[in-house]
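Survey of secondary and tertiary structure
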Amino acid sequence: MPEPSYIPETLAGVPRSAWPGHIAIIMDGNGRWAEACGLPRIEGHREGAVNVPRITQEASRLGLVQLTLFAFSSENWRRPPHEIAFLMELYREYVVRERPTIMDNRIRFTTIGRRDGIPAHVLAEADRTTEMSAGNRGTVLCLAVNYGSRREIADAARRLAERAARGEIDPAAITEATLASHLDTAGMPDPDLLIRTAGEMRLSNFLLWQLSYAELWVTEKRWPDFREADLHQAMRDFAGRERRFGGLPAESEGA
Ligand code: IPE
Ligand code: IPE
Ligand code: MG
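Position labels on residues start from 1 in each chain and follow its written sequence. Chains and ligands are labelled by the order in which they are written, letters from A for the one and numbers from 1 for the other. Two thresholds apply to this predicted model, a pLDDT of at least 70 for residue-level local features and 80 or more for giving and counting side-chain atom pairs, whereas whole-chain, interface and lining totals are computed over all residues. For the side-chain quantities, the full set of heavy atoms in the structure was used; hydrogens and water were omitted.

As for the site of ligand 2
Any residue with at least one heavy atom within 4 Å of a molecule or strand is counted as near it. Lining the immediate environment of ligand 2, one finds Ile 26, Met 27, Asp 28, Phe 70, Ala 71, Phe 72, Asn 76, Arg 79, Arg 196, Arg 202 and Ser 204. Any N or O atom pair separated by 3.5 Å or less is treated as a polar contact, with the protein-specific requirement of one donor-capable and one acceptor-capable atom, and with residues adjacent in sequence counted only for side-chain atom pairs. Asp 28 places a side-chain nitrogen or oxygen 3.2 Å from an oxygen atom of ligand 2. Arg 196 places a side-chain nitrogen or oxygen 3.4 Å from an oxygen atom of ligand 2. Every accessible area reported is derived by Shrake-Rupley at a probe size of 1.4 Å, with residue values counting cover from the shown protein chains alone. In isolation ligand 2 offers 390 Å² of accessible surface; the protein chains occlude 78% of this area. Strands here are runs of E lasting at least two residues and helices are runs of H or I lasting at least four, both read from the DSSP assignment and numbered beginning at the N terminus. Counting residues per element, the shell around ligand 2 draws most heavily on strand E2 (residues 66–73), which supplies three residues. In terms of residue class, the shell around ligand 2 is built from five nonpolar, two polar and four charged. Following the grouping adopted for this structure description, the nonpolar residues are Ala, Val, Leu, Ile, Met, Phe, Trp, Tyr, Cys and Pro, the charged ones are Asp, Glu, Lys and Arg, and the polar ones are all others, Gly among them.

Considerations on the site of ligand 1
Around ligand 1 sit Met 27, Asp 28, Gly 29, Asn 30, Gly 31, Arg 32, Arg 41, His 45, Ala 71, Asn 76, Arg 79 and Leu 87, and those are all the residues in its vicinity. Backbone polar atom of Gly 31 to an oxygen atom of ligand 1: 2.9 Å apart, as the coordinates give it. Within the contact set of ligand 1, an oxygen atom lies 2.7 Å away from a backbone nitrogen or oxygen of Arg 32. Within the complex, the protein chains bury 87% of what would otherwise be the 380 Å² of accessible surface of ligand 1. At the level of elements, helix H1 (30–36) and helix H2 (41–62) are the ones that each hand at least two residues to the shell around ligand 1.

Comments concerning the packing of aromatic side chains
In this analysis, rings of Phe, Tyr and Trp, with Trp reduced to its six-membered ring, are considered paired at centre separations within 6.5 Å, and the interplanar angle assigns stacked below 30 degrees, edge-to-face beyond 60, and tilted for intermediate values. Tallying each qualifying case throughout the model produces six aromatic pairs. Measuring from centroid to centroid gives 5.6 Å for Trp 223 and Phe 226, while their planes differ by 20 degrees, and the two rings are stacked. Neither Trp 223 nor Phe 226 differs from the other in exposure class; each is buried. Taken together, the ring pairs connect Phe 70, Tyr 147 and Phe 206 into an aromatic cluster. For a lysine, the NZ atom is tested; for an arginine, the CZ atom; a charge sits over a ring if that atom is within 6 Å of the ring centre and within 35 degrees of the ring normal. Sitting above the plane of the Tyr 6 ring, Arg 61 keeps its charged end 4.0 Å from the centroid. Think of it in three bands: residues with accessible area under 20% of the maximum for their type are buried, residues over 50% are exposed, and the middle band is partly exposed, with areas taken using a 1.4 Å probe on protein chains only.

Digging into the packing of helix H3 (residues 81–97) against helix H5 (residues 120–132)
To get an axis, a line is fitted to the C-alpha atoms, and for a helix only the part in contact is used. The angle between two axes follows their N-to-C directions and goes from 0 to 180 degrees. At a minimum axis distance of 9 Å, the contact between H3 and H5 shows a crossing angle of 25 degrees. Taken as axis vectors, H3 and H5 run roughly parallel relative to one another. Relative to H5, H3 is oriented so that their crossing is left-handed. Packed against H3, whose contacting residues are Met 88, Glu 89, Tyr 91, Arg 92, Val 95 and Val 96, the element H5 presents His 121, Val 122, Glu 125, Ala 126 and Thr 129 at the interface. Taken together, the residues that form the contact of H3 with H5 break down as six nonpolar, two polar and three charged. Throughout, the term roughly parallel applies to angles under 35 degrees, roughly antiparallel to angles over 145, roughly perpendicular to angles from 65 to 115, and oblique to all others. In this scheme, a crossing is called left-handed if the near helix is turned counterclockwise away from the far one by less than a right angle; it is called right-handed if the turn is clockwise. Between two residues, a contact is recorded if the distance between any of their heavy atoms is within 4.5 Å.

Looking at the pairing of strand E3 (residues 108–112)
Here five bridges tie E3 to strand E4 (residues 140–147), and the two strands are oriented parallel to one another. By the bridge assignment, Ile 112 is partnered in E4 with Ala 144. A right-handed crossover is one whose linking path, passing over the helix from the first strand to the second, runs clockwise when the strands point away from the viewer. With H5 bridging E3 and the parallel E4, this β-α-β connection has left-handed handedness. By this definition, two strands are paired if DSSP reports at least two bridges between them.

Here's the deal with the side chain of Gln 210
Inspection of the secondary structure assignment puts Gln 210 in the loop between strand E5 (193–196) and strand E6 (215–218). Accessibility expressed as a relative area gives 4% for Gln 210, which makes it buried. Looking at Gln 210, its side chain comes within polar contact range of the side chain of Thr 185, at 2.8 Å. In contact with Gln 210, other than residues within four places in its own chain, are Tyr 147, Ser 149, Glu 152, Leu 183, Thr 185, Asp 190 and Pro 191.

With respect to H2
One less than the number of residues in a helix, times 1.5 Å, gives the span that helix is expected to have. Taking 1.5 Å per residue, 22 residues should reach 32 Å; H2 reaches 32 Å between its end C-alpha atoms and fits that length. Downstream of H2 by one or two residues, Gly 63 has phi in the positive range, about 80 degrees.

Here we look at the nonpolar core
Take the buried residues of types Ala, Val, Leu, Ile, Met, Phe, Trp, Tyr and Cys, join any two whose side-chain atoms come within 4.5 Å, and each joined set is a nonpolar core. Counting residues in each nonpolar core, the largest one holds 39 residues, and the members touching the most others are Ile 23, Ile 25 and Ile 195. The set of elements that each furnish at least two residues to this core consists of strand E1 (22–26), H2, E2, H3, H5, E4, E5 and helix H8 (228–239). A total of six residues in this core trace back to one element, the largest contributor, which is H3. When residues no more than four places from it in sequence are discounted, the contact partners of Ile 195 are Ile 23, Ala 24, Ile 25, Ile 26, Trp 217, Phe 226, Leu 231 and Ala 234.

Regarding the sheet that holds E1
Strand order in this open sheet of six strands is E3-E4-E2-E1-E5-E6, and the pairing throughout is parallel. Unpaired on one side and paired on the other, E3 and E6 mark the two borders of the sheet. Put simply, the sheet's adjacent strands are angled 20 degrees from each other on average, direction ignored. Sheet analysis places E2 next to E4, joined by seven bridges and oriented parallel. Within the sheet, the bridge partner assigned to Gln 66 lies in E4 and is Val 140.

Printed below as a string of structure tokens:
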């Protein structure tokens, strides 16, 4: 990917080498945003969906390697049927409407999560956007839809066990990399930075394996109010963090 020259004022002085490559976002607070406006919850989802292309375009302009967005969890099926139906329709509209922008910005669209439960006509449109953009070499946009991390890990364990039972792999040879290559996120880098909007200090079953060493950044702002400047602020704060990965601070090494 060519190094983009775009550096927003809000990131001035933060060297590109200190930027996160992969940002994951738990897009939370649509319901509370609507409630605060005296609107039904679905209006919050509508406004939240409007915000997705805004933040995606910014990620692309910044030249991020990947942006992963939590759109619908495997637990969100517990919501009222009309809310679920509305979210599915928003998803379908989104993958159709955004095709030109995705192609113009050379974004590669992809998804993680299980297909079952998602209406076939919605899957068909999402697949079309995935296939159409498969050759793009810009920012990867990964939507987590009907995604749950524990289920993803259990699925990976089952697939590995099946392969072992067939004699295709030696159980003794299973490593972290083997397991990672059986997750939905196989081949993707781990997120460097996790952003959660709307203040909750939890992961809600999102990328439990992949976020092991991500820096966490939580804002009180609800997803429909989250803007480019908030993304920049998270990146700026990220750049100031010291990632140790279990080791010692760089300056004390060998001391
Ligand atoms: C996030 O907003 C969107 C989805 C989970 C689909 P919420 O709908 O969870 O909003 P709050 O948390 O109720 O405010
Ligand atoms: C997490 O938000 C899922 C998405 C943003 C898609 P939730 O609103 O479902 O999480 P909880 O229920 O507050 O943990
Ligand atoms: Mg929520």
